[in-house]
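Tertiary structure, described
Read off the chains here:
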Amino acid sequence: MSNNPQDTRLDRLRTQVLEIAQRMANLGLVRASSGNVSARFGKGFLITASGIPYNELESNQIIEVNPEGEKKSGTGKPSSEWRMHAAIYRERGDVAAIVHTHSPYATSVAIARSTLPIVHDEGRILFGEEILVASHSSPGTWELADAVVKGLGEGNAVLIADHGAVAVAESLPEALTLAEKIEEMAQLFWLSLFIKEKDGHRN
Ligand SMILES: [Zn+2]
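Within each chain, residues carry numbers counting from 1 in the order of the written sequence. Only residues with pLDDT of at least 70 are given local features in this predicted model, and only at 80 or more are side-chain atom pairs given and counted; all residues enter the totals for whole chains, interfaces and linings. To obtain the side-chain values, all non-hydrogen atoms of the structure were included, while hydrogens and water were left out.

**Description of the sheet that holds strand 4 (residues 71-73)**
Where we set the bar: When DSSP finds two or more bridges between two strands, those strands count as paired. Only DSSP runs of H or I with at least four residues qualify as helices, and only runs of E with at least two residues qualify as strands; both kinds are numbered from the N terminus onward. Working rule for contacts: check all heavy atoms of both residues, and any pair within 4.5 Å makes them a contact. To get an axis, a line is fitted to the C-alpha atoms, and for a helix only the part in contact is used. The angle between two axes follows their N-to-C directions and goes from 0 to 180 degrees.
The strand order 4-3-2-1-5-10-9-8 describes an open sheet built from eight strands, whose pairing is mixed. Of all the strands in the sheet, just strand 4 and strand 8 (133-134) have a single pairing partner and so form its edges. Judged from the five bridges that link them, strand 5 (residues 97-101) and strand 10 (residues 164-169) form a sheet pairing that is antiparallel. Bridge pairing in strand 10 places valine 99 opposite alanine 167. The sheet strands contacting helix 2 (residues 82-91) are strand 1 (36-41), strand 2 (44-48), strand 5, strand 9 (157-160) and strand 10, and the helix crosses strand 1 at an angle near 40 degrees. The strands touched by helix 5 (residues 142-152) within the sheet are strand 8, strand 9 and strand 10, with strand 9 carrying the most contacts at an inclination of about 140 degrees.

Here it is, written out as structure tokens:
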């Protein structure tokens, strides 16, 4: 064991990224190895490894990368979505953690390429009136990273067309809570549509 305080911090943050990633999976916000979690570390960040199911993921598979996505430590390859994370950390000095999910209700809104109207009062406190959807680009590309940064703006959440959702925050637990809330808001929006449709038929 190293006594270097930077190493201790790195180890602690690795463990926290792993815990948040596994909680994200247990909450049903992703399946198998989809989605990813990262946390800012120094000039770069820590990010979940590519292609490992969350129930098999170990803390050494939380990969440390520099801002250009080059691996500094860890076992395996960083998530193929590292560019999106790198671009968000570059543009948003206030963001220290990112949770990217494929949660089904939010993703289905993103597949409809619709903004997500926030129909719940508590949700409006977190997200305002709507969560925007970033324009479509292929996964893992800088084009997608740029589209996500643009869609996110100064906000804390964005949908990605045909793909999923992204939540950003100052800490990992906050980012996970936001990811859960995005899905809750999307579910409430969908369910409210059916009631409106029913009322429309009645009137
Ligand atoms: Zn994804």
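**So, the packing of aromatic side chains**
Short version of the rule: Aromatic pairing here means that ring centres of Phe, Tyr or Trp (its six-membered ring) are within 6.5 Å. Orientation follows from the plane angle: under 30 degrees is stacked, over 60 is edge-to-face, and everything else is tilted. Burial here depends on accessible area, computed with a 1.4 Å probe over protein chains only, as a share of the maximum for the residue type. Under 20% is buried, over 50% is exposed, and the range in between is partly exposed.
The tally for this structure, following the rule as stated, stands at three aromatic pairs. For the ring pair phenylalanine 45 and tyrosine 89, a centre distance of 5.2 Å and an interplane angle of 40 degrees mean the geometry is tilted. A residue pair is termed long-range when its members are at least 10 positions apart, and phenylalanine 45 in strand 2 and tyrosine 89 in helix 2 qualify at 44 residues. Taking the relative accessible area as the measure of exposure, phenylalanine 45 reaches 1% and is therefore buried. With 5.6 Å between their ring centres and 85 degrees between their planes, tryptophan 82 and tryptophan 142 make a pair best called edge-to-face. Pair noted here: tryptophan 82 is in helix 2 and tryptophan 142 is in helix 5, with a separation of 60 residues, a long-range link. According to the relative accessible area criterion, tryptophan 142 is partly exposed, its value standing at 33%.

**Notes on the coordination of the zinc ion**
For a metal with four donors in a tetrahedral arrangement, the ideal angle between donors is 109.5 degrees, while six donors in an octahedron ideally sit at 90 or 180 degrees. Applied cut-off: Each metal's donors comprise the N, O and S atoms found within 2.8 Å of it (within 3.2 Å for Na, K or Ca). Water is not part of the atom list, so some coordination spheres may appear incomplete.
Here the zinc ion is held by His100 (NE2), His102 (NE2) and His163 (NE2), and the distances to it run 2.1 Å. Within one chain, the residues donating to the zinc ion are spaced in sequence as H-x1-H-x60-H. Highlighted residues: histidine 100 in strand 5 and histidine 163 in the loop between strand 9 and strand 10, separated in sequence by 63 residues. Its relative accessible area of 11% is what places histidine 163 among the buried residues.

**Observations concerning the side chain of arginine 92**
Inclusion rule: Pairing of N or O atoms within 3.5 Å defines a polar contact, subject to two protein rules: one partner must be a possible hydrogen donor and the other a possible acceptor, and residues neighboring in sequence count only if both atoms are side-chain atoms.
Relative to the elements of secondary structure, arginine 92 occurs in the loop between helix 2 and strand 5. There is a polar contact of 2.9 Å between the side chain of arginine 92 and the side chain of aspartate 94. At 2.8 Å, the side chain of arginine 92 and the backbone oxygen of glycine 153 are in polar contact. Not counting chain neighbours up to four residues away, the residues in contact with arginine 92 comprise Arg40, Leu152, Gly153, Glu154, Gly155 and Val168.

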